[in-house]
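What the coordinates show
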Amino acid sequence: MLGEGIVKGLAETARNFLGSYVSKDRLTTVQYPEERLPQIEAARNFPFLVYDGEDWQQGMRCVSCLICEKECPPKCISIEKSKDKKLDASGKPQFYPTVFNIDVSVCMSCQICVEVCPFDAIKMDVDFELSTKDRFGDLLWNKERLSKSNEYYREIHPTEAAAVDAQLAEERAKLEAKSKLAAEAKAAAAATVPAQPAVGATAEK
Amino acid sequence: MSATTAATAHFTPKPSTDGGEGQLLEVSMGPQHPSTHGVFRMDVALDGERVVKLKPVFGYLHRNHEKIAETETYLGSMPYTDRLDYLCSITNNWAYALAVEKLAGIQVPERAEYLRVITGELTRLQNHTSVIGFLLQDMGASGTPLMYAFREREKVLDLFESLTGSRMMCNYMRFGGCRADMPAGWLQQAQKVVEAFPRFLDEFERLLSGNEILMARTQGVGVLSKELAVDAGITGPMLRGSGVNYDIRKVDKYGIYERFSFKVPLGEHGDVYDRYMVRLLEMRESVKILQQAMRDVPPGPIMDAKTKLRGFRPKAGEAYGRIESPKGELGFYLISDGSPNPYRYRVRPPSLVNLTVLEDMCLGQNVADIVVILGSIDFILGEVDR
Ligand code: SF4
Ligand code: SF4
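Because the structure is predicted, anything quoted here is derived from the model rather than measured. (Residues numbered from 1 in each chain as written. Chains lettered and ligands numbered in written order. Predicted model: local features only at pLDDT ≥ 70, side-chain atom pairs only at ≥ 80, totals over all residues. Heavy atoms only, no water.)

**Some thoughts on a positive patch on the surface**
As a reminder, the rule being used: Patches here: salt-bridge-free residues with over 30% relative accessible area, like charges joined within 9 Å, nonpolar side chains (Val, Leu, Ile, Met, Phe, Trp, Tyr) joined within 5 Å. Here, Shrake-Rupley sampling with a 1.4 Å probe gives the accessible areas, and only protein chains in the shown set may cover a residue. Salt bridge, as used here, is a side-chain nitrogen of Lys or Arg placed within 4 Å of a carboxyl oxygen of Asp or Glu. Charge assignment: positive for Lys and Arg, negative for Asp and Glu; neither His nor the chain ends contribute. A charge is said to be at NZ when it belongs to Lys, at CZ for Arg, at CG for Asp and at CD for Glu. The secondary structure listing takes helices from DSSP runs of H or I that are at least 4 residues long and strands from runs of E that are at least 2 residues long, numbered from the N terminus.
A cluster of basic side chains, namely A:K70, A:K75, B:K308, B:R310 and B:R313, defines a positive patch on the protein surface. Examined against the element boundaries, B:R310 turns out to sit in the loop between α11 (272–296) and β7 (317–325).

**Notes on the packing of aromatic side chains**
Filter applied, for reference: Here a Phe, Tyr or Trp ring, Trp counted by its six-membered ring, pairs with any other such ring whose centre lies within 6.5 Å, and the pair is stacked when the planes are under 30 degrees apart, edge-to-face when over 60, and tilted otherwise. Categorising residues by exposure relies on relative accessible area from a 1.4 Å probe, with only protein chains included: less than 20% of the type maximum marks a residue as buried, more than 50% marks it as exposed, and the intermediate range marks it as partly exposed.
If you walk through the whole model with that rule in mind, you get 23 aromatic pairs over all chains. When the ring of A:F48 is compared with that of A:Y152, the centres are 5.6 Å apart and the planes differ by 75°; the resulting orientation is edge-to-face. Placement of the pair is A:F48 in strand β1 (residues 47–51) and A:Y152 in helix α6 (residues 150–156), with a sequence separation of 104 residues. Using a relative accessible area of 1% as the deciding quantity, one classes A:F48 as buried. A:Y152 sits in the partly exposed class, given a relative accessible area of 22%. Each ring, one from B:Y257 and one from B:F262, has its centre 6.2 Å from the other, and the planes form 65°; the classification is edge-to-face. On the basis of relative accessible area, B:Y257 is assigned to the buried category, the value being 2%. Cluster of aromatic residues (ring-pair linked, three or more members): B:Y74, B:Y96, B:F175, B:F312, B:F332 and B:Y345.

**A closer look at the interface of chain A and chain B**
Rules: Here, two residues are considered to be in contact whenever any of their heavy atoms come within 4.5 Å of each other. The buried area of a pairing is the accessible area, by a 1.4 Å probe, that goes missing from both parts when the two are put together, added over both.
Tallying the contact residues gives 30 residues for chain A and 30 residues for chain B. For the pair chain A and chain B, the summed buried surface comes to about 2500 Å²; carbon and sulfur atoms form 52% of the total. Run the count over chain A and chain B and you get two salt bridges. Residues A:E115 and B:R174 are paired through a salt bridge, measuring 2.8 Å at the closest nitrogen-oxygen approach.

**Things to note about the packing of helix α5 (residues 144–164) of chain B against helix α6 (residues 186–209) of chain B**
All names here are of chain B. So the rule is basically this: Working convention: axes come from line fits to C-alpha atoms, limited for helices to the stretch in contact. Angles between N-to-C directions cover 0 to 180 degrees. For this classification, under 35 degrees means roughly parallel, over 145 means roughly antiparallel, 65 to 115 means roughly perpendicular, and everything else is oblique. Amino acids outside the nonpolar list (Ala, Val, Leu, Ile, Met, Phe, Trp, Tyr, Cys, Pro) and the charged list (Asp, Glu, Lys, Arg) are all regarded as polar, and Gly is one of them.
Relative to each other, α5 and α6 sit at 170°, their axes nearing to 11 Å. For the element pair α5 / α6, the angle class is roughly antiparallel. Residues P145, Y148, A149, R151, E152, K155, V156, L159, S162 and L163 of α5 pack against W186, Q189, A190, V193, F197, F200, E203, F204, L207 and L208 of α6. The residue inventory of the contact of α5 with α6, partitioned by class, reads 14 nonpolar, two polar and four charged.

**So, the sheet that holds β7(B)**
Residues and elements named next belong to chain B. Just so we agree on the cut-off: Pairing between strands is defined by DSSP: at least two bridges between the two strands are required.
Sheet architecture is open: three strands sit in the order β7-β8-β9, paired in antiparallel fashion. A strand with exactly one partner marks an edge of an open sheet, and here the two such strands are β7 and β9 (342–348). With strand direction ignored, the average angle separating the axes of adjacent strands in the sheet is 10°. Note that β7 and strand β8 (residues 328–336) share nine bridges and pair antiparallel. Paired with S325 across the bridge in β8 is G328. The sheet strands contacting helix α3 (residues 89–104) are β7, β8 and β9, and the helix crosses β7 at an angle near 150°.

**A closer look at the domain arrangement of chain B**
Residue and element names in this part refer to chain B. Our working rule: An automatic or database domain assignment supplies the residue ranges for each domain. Each polar contact in these results corresponds to two N or O atoms within 3.5 Å; when the atoms are within protein, one needs to be able to donate a hydrogen and the other to accept it, and residues that are neighboring in sequence are counted only if both atoms are side-chain atoms.
Each assigned domain of chain B is listed with its residue range as follows: domain 1 (3–57) and domain 2 (65–385). Its C-alpha centre places domain 1 at a distance of 32 Å from the equivalent point of domain 2. Taken together, the contact pairs 19 residues of domain 1 with 19 residues of domain 2. Buried surface at the junction of domain 1 and domain 2, both sides included, amounts to about 1600 Å², of which 71% is carbon and sulfur. Its largest share of buried area at the contact with domain 2, domain 1 owes to H37, V51 and L54, together 35% of the area lost on that side. For the pair domain 1 and domain 2, the number of links is zero salt bridges. At the surface where domain 1 touches domain 2, the tally comes to four residue pairs in polar contact (both at pLDDT 80 or more). Contributing elements (two or more residues each) for the side of domain 1 that touches domain 2: β3 (41–47) and β4 (50–57). Ranked by residues supplied to the side of domain 1 that touches domain 2, first place goes to β4 with five residues. Grouping the constituent residues of the side of domain 1 that touches domain 2 by class yields ten nonpolar, six polar and three charged.

**Considerations on the site of ligand 1**
Which entries qualify depends on this criterion: Put simply, a residue is near a molecule or strand once any heavy atom of it comes within 4 Å of that molecule or strand.
Near ligand 1, the surroundings consist of 13 residues, among which A:C72, A:C107, A:M108, A:C110 and A:C113 are the closest. Within the shell around ligand 1, the residues separate by chemical class into eleven nonpolar, two polar and no charged.

**Here we look at a nonpolar patch on the surface**
A surface patch of nonpolar side chains, amounting to about 530 Å² of accessible area, comprises A:F17, A:L18, A:Y21 and A:V22. Take A:V22: it is sitting in helix α1 (residues 4–22).

**Focus: the site of ligand 2**
Lining the immediate environment of ligand 2, one finds A:C62, A:V63, A:S64, A:C65, A:L66, A:I67, A:C68, A:I79, A:C117, A:F119, A:A121 and A:I122. A per-class count over the shell around ligand 2 returns eleven nonpolar, one polar and no charged.

**Some thoughts on the confidence of the model for chain B**
Residue and element names in this part refer to chain B. Here is the rule: Confidence of the predictor at the level of single residues is given by pLDDT, which spans 0 to 100.
Confidence in the prediction of chain B, expressed as mean pLDDT, is 84, and 94% of residues score 70 or more. This model gives residues 1–13 a pLDDT under 50, and the stretch forms 21 contacts once residues within four places in sequence are excluded. With pTM at 0.83, the complex prediction returns an ipTM value of 0.76.

**Topic: the pattern of salt bridges**
On inspection of all chains with the given rule, the structure shows 37 salt bridges over all chains. Here A:D120 ties to A:K123 by a salt bridge, and the two come within 3.0 Å at their closest N and O atoms. By the burial criterion, A:D120 is buried, and A:K123 matches it. Its salt-bridge partner being B:R284, residue B:E205 comes within 3.2 Å of it at the nearest N-O pair. One end of the pair, B:E205, is in helix α6; the other, B:R284, is in helix α11, with 79 residues separating them in the sequence. Note on B:R284: relative accessible area 25%, which makes it partly exposed.

**Quick look at the side chain of B:R348**
Residues and elements named next belong to chain B. Structurally, R348 can be placed in strand β9. Side-chain polar atoms of R348 contact the backbone oxygen of G233, separated by 3.1 Å. Residues contacting R348, with those up to four places away along its chain left out, are G233, T235, Y320, E329, L330, G331 and V353.

Written out as structure tokens, the structure is:
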């Protein structure tokens, strides 16, 4: 019968319309900004720089190795490396970036900087409410604007942050064990050296 | 003529071609025409309502993708491939990764192959849902079918976001595997979406497939003959809509596709309705592949351990990697001279090649049919213009 298909289709829309009052499956929209969907953990937006501890300048993990600057596909990172070294959060002297800018109007949120950074210093943020009236200045983010604490990182990407923390702790422990071993070996060597001066002397000759 | 109200129409009096008293009307449809899904222009010559000439004009979205890729590292081009066919970033990644893996002789671990099939077929589902939604939108079914389609598509995009971090620009594959493993609970969620998908397809078919208006508007419209389709190098659902049995998943058996049993749906008449139906049926087959892949996915690594992320330099040589993307044959041709950048980087986009037969399909049709025929091609201008 002509028109049967149309009637069938209309029955389907009616079912959807009425169903939207009872089933969440049929009404999937939410009234943003009053209502919000839960943040998806893996979501990524723009990069930020992680710092340990309280002070963002001292705790900054970035050692200014310039790898991310080189690998960023649209080349939107610009870094200037420091001439001097500064103590980082764990008390080791490190280089640091005197300038670290990301032009987020160019950044394409690809996450490659995060993947290539060997120091887990740069991670992806999830903040998306970034509209601004200043098209140039407000979209060129400097290192102060980019710095966020490790606590913040743990909050937005708990699983990933836990893995990074564990890995960093392991590396640090290994390093400490190594330096301890080295110190012990040094001490042992120092202890054995006076006992066999002749052997050492002949070996040297 | 309602379809042309948004276009700039200008009158150019010209003698009629058939010697009658009718005059040809030249209409420029686009580049901002809502049915073109981007910036694409058609110079149409009309005799009354009938199309006598159609010249596609593209290039408005040219971004120099191939040349940029030649100045980037191999890895650096991966996020750019997302932006080719921005509805199907994962299959774009796959084709590019496949080409590079061929070039450098990289093996992909088992689990990564499964992840690729799962995400690739999910991409096909969400591409086809949006395409048929848009096709019906162009036909004048404003809103309803498209919204139903988008509701379903959103579920797949949520899966993408929780796996790759982004809904559309997934940037998911790497040479020798995939970037991220499934987070906890992802597989179960994906299984739920896939299990519920046939119900949506049933609903969509009840809604429209038997609709008399849809049939009148699409059957016998925009016929593409088998011979022309083959000669013009058409691929994908458009070729199969014309009844040619050619699916690269079956022909090349790239990845692990030979492990799954699925059929290749074929059309008969090569008209818009057949192309619409082929896509609907293809989604049902994709659901079958997804069910098999999700059942069998093994544990293991997702990245080839020998392939480095940085400092990647394949040895000199050339390679062509192609896959069956939702739109057709998507291929990447690469020449390496041993440096960190490709010496030549070329994309074989299905959208562009499929668009070349537009005039042949439109000649003799009404002007309002152009929009429908265009919608049935399924092209994305990001890929056409590159
Ligand atoms: S996310 Fe991509 S584009 Fe943005 S700064 Fe990092 S590497 Fe560059
Ligand atoms: S963010 Fe990482 S890769 Fe970039 S300069 Fe700092 S340490 Fe190097």
